[in-house]
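# Inside the fold
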Amino acid sequence: MCGIVGYIGSRDAFPILIKGLKRLEYRGYDSAGVALLSESNHLNVYKVKGKVSGLEESVQKEDISGTIGIAHTRWATHGEPSKINAHPHVSASGKLALIHNGIIENYNVLKERLQQKGYSFTSSTDTEVLVQLIDYMKESGKLDLLTAVRLALREVVGAYALAIIDYTNPDEVIVARKSSPLVIGIGENEFFIASDATPIVEYTDKVVYLEDEDIAILKRGEPLKVIDFSNEELNLEVQTIELNLGQLEKGGYPHFMLKEIFEQPDCLRDCMRGRLRVEENEVILSAVMDHKDKLLEAKRIIIVACGTSWHAALIGRQLIEHYCRIPVQVEYASEFRYSNPVVGGGDIVISISQSGETADTLAAVELARQRGAFIYGICNAVGSSIPRNTHTGSYIHVGPEIGVASTKAFTGQVTVLAMLALTLAKVKGTVKPEELQEILKEFETIPEKMKKALETNEQIASLSKTFTYASNFIYLGRGYNYPVALEGALKLKEISYIHAEGYPAAEMKHGPIALIDTEMPVVVIATHNSLYEKLLSNVQEIKARKGKVIALVSEGDETISKIADYCIELPKTVEALDPLITTIPLQLMAYHIAVCKGKDVDQPRNLAKSVTVE
Ligand code: F6R
């Protein structure tokens, strides 16, 4: 994963780089480093194990001058998190410093070759091999940096977004990408480099997204130039981005995660805007309308995704099957890509990803595309790799999600999936006008109902204190709320480090019920829907074994609320949209338990927001 930032221009590079790294820390935060070419033309490299704030503190007495520099925040792949393994890595000649996001798969072969040429290595990273390879090409062939990078990358197998500087040429940064994201911001006589646009928006809205195997030359006083591996100059597509700085700040909340949970009603309004037309009794997702013939022909739909996006996919399956009567298969992208899947022309593959950069999801998309499937992307990060590698798609428009645990992206994904199902169902004639009108009217009220659900925040904050003792949790749901149970369990695991399992409630008696004792908290999603009576029996089974039941019920519930130990009342909605409401208290509960336990909510251990390695 990792976040990379770079700057060349006339301003002091260091503050720009540090601010940029902080915006990218969601990508990894186990070590950080910076390389600057100082005013006196020295290559100064500073690194720390730990977060960017530690890096900032550690350089207080150092020379941080310079108007050209590169910086990195790491999520370890090769080599443990440590100062030595942190980037930038410096070449044996002492001239080059390089930062890299990705994995060099043939690093062992390259390393052995370089060792035979007399190179030695101090870190256990694949990145150090890359910088030494470029150094070797440059020094042995007496090449300029650009040519050395170009020739070196021809020998590299793997993924990279990299930036490299050379202290013998303080007017140039070379960057390149393959399968890892890289954006270049174009200012007035200055350039910015970053893994995504968030570190750049403050300075310019003009950006270029590099494509695979692009190499860019950022030179003072010259326009941006991009070439391919055979040194052919490529046309640039300069885009204007619409990210607002306020969206990237915490806005008075103690954590991004809490801010993002509370933003959901507004986010969903943004997501539905212009698409939901209740009076006309229609939903218009333009991508569905533009490709309706292809979608109508579909014999089946396969949805590929990872993590939370995979949970949204499970809800999507129920929505599409119910409203469109098309069979839907949901696959973990990481399994799909290696399963020699039966997929091809006539199949629609929907890929769901918040970041648009998840390596496994991208690979699954690529495989399905090569085999002739039509690919529809559902994504949040505008301009990221998934939207650029799919035939069509819809953005969820919930704004940047910074907290590592996904919250508003999940409800945004479910909202888009519901709109997709309803758009297609209307075109296909598989939904009756009255049924469509009922759900659309209800859809419109969801943001307000979410606000009501958010009013449970204080109740949940106090209830959460009771459960910090727990080392296990079970989450149960059925139908549309079974994926919500999975998602609730995932949220708790990732930020509080409590083991949690999501389960379909009726499956309990086939095994997991053996786990129930007086210590075991069981969260049951038991809002009023067609399976309510069944859930009542499930709750009774748990109570009979003295489990502690925390029930999510609909307002006015008089049955389960009497049996459960704790009850959280939520506004009623139609079954298909219930996940948009029931998810909220589970997000809040995970958040408050983690806060009570003193955990780092926005940057939980071992995780990163954008999983750009497989
Ligand atoms: C969980 C979480 C992850 C992501 C997963 C996929 O809170 O954030 O499970 O959902 O890594 O990421 P995207 O959606 O960016 O492809």
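This text goes with the structure placed above it.
Residues numbered from 1 in each chain as written. Predicted model: local features only at pLDDT ≥ 70, side-chain atom pairs only at ≥ 80, totals over all residues. Heavy atoms only, no water.

Not every one of the 15 residues close to the ligand is listed here, only the nearest: Ser-309, Ser-353, Ser-355, Thr-358 and Glu-494. One of the side-chain N or O atoms of Ser-355 is found 2.6 Å from an oxygen atom in the ligand. Burial of the ligand by the protein amounts to 91% of the accessible area it has alone, namely 410 Å². Every element with two or more residues in the shell around the ligand is listed here: helix H10 (307-324) and helix H17 (482-496). Of the residues contributing to the shell around the ligand, the split by class is 5 nonpolar, 8 polar and 2 charged. (Near = heavy atom within 4 Å. Polar contact = N/O pair within 3.5 Å; in protein donor to acceptor, adjacent residues only side chain to side chain. Areas by Shrake-Rupley, 256 points an atom, 1.4 Å probe, with all protein chains shown as cover. Helix = DSSP H or I, 4+ residues; strand = E, 2+ residues; numbered from the N terminus. Nonpolar A, V, L, I, M, F, W, Y, C, P; charged D, E, K, R; others polar.)

Spatially, the 5 strands line up as an open sheet ordered E23-E22-E24-E25-E26, and their pairing is parallel. Where the open sheet ends on each side, the last strands, each with one partner, are strand E23 (499-504) and strand E26 (566-570). If you compare each strand with its neighbour and ignore which way they point, the axes differ by 20° on average. One ladder, built from 5 bridges, connects strand E24 (residues 521-525) with strand E25 (residues 548-554); its direction is parallel. When the bridges of E25 are listed, Val-522 appears paired with Val-549. Across the face of the sheet, H17 comes into contact with strand E22 (472-477), E23 and E24 while running at roughly 175° to E23. In this fold helix H18 (residues 532-544) packs onto E22, E24 and E25, with an angle of close to 170° to the strand it touches most, E24. (Pairing = 2+ DSSP bridges. Axes fitted to C-alpha atoms, helices over the stretch in contact; angles between N-to-C directions. Contact = heavy atoms within 4.5 Å.)

Moving on, we get to the pattern of salt bridges. This structure, assessed with the given rule, holds 30 salt bridges. With a shortest N-O distance of 2.3 Å, Asp-600 and Lys-51 are connected by a salt bridge. Placement of the pair is Asp-600 in the segment after helix H20 (578-596) and Lys-51 in the loop between strand E3 (43-49) and helix H2 (52-58), with a sequence separation of 549 residues. A residue is classified by how much of its surface remains accessible, and Lys-51, at 26% relative accessible area, is partly exposed. The partner of Asp-205 in a salt bridge is Lys-206, with the nearest N and O atoms 3.3 Å apart. For Asp-205, a relative accessible area of 35% gives the class partly exposed. (Salt bridge = Lys/Arg side-chain N within 4 Å of Asp/Glu carboxyl O. Buried < 20%, exposed > 50% of the residue type's maximum accessible area, 1.4 Å probe, protein only.)

By size, the foremost hydrophobic cluster in this structure holds 95 residues, and its most contacted members are Ile-320, Tyr-323, Ile-350, Phe-443, Phe-473 and Tyr-475. Looking at which element gives the most residues to this core, the answer is helix H14 (residues 408-428), with 12 residues. The residues contacting Tyr-323, other than those within four sequence positions of it, are Ala-421, Leu-422, Ala-425, Thr-430, Val-431, Glu-435, Ile-439 and Ala-576. Membership of the second largest hydrophobic core comes to 34 residues, among which are Phe-192, Ala-194, Val-201 and Tyr-209. (Core = buried A, V, L, I, M, F, W, Y, C linked by side-chain atoms within 4.5 Å.)

To continue, consider the environment of Thr-518. You can see Thr-518 is positioned in the loop between E23 and E24. In the structure, Thr-518 is positioned 27 residues away from Arg-545 in sequence and 7.7 Å away in space, judged by C-alpha atoms. With residues up to four places along the chain from it excluded, the contact list for Thr-518 reads Lys-546 and Lys-548.

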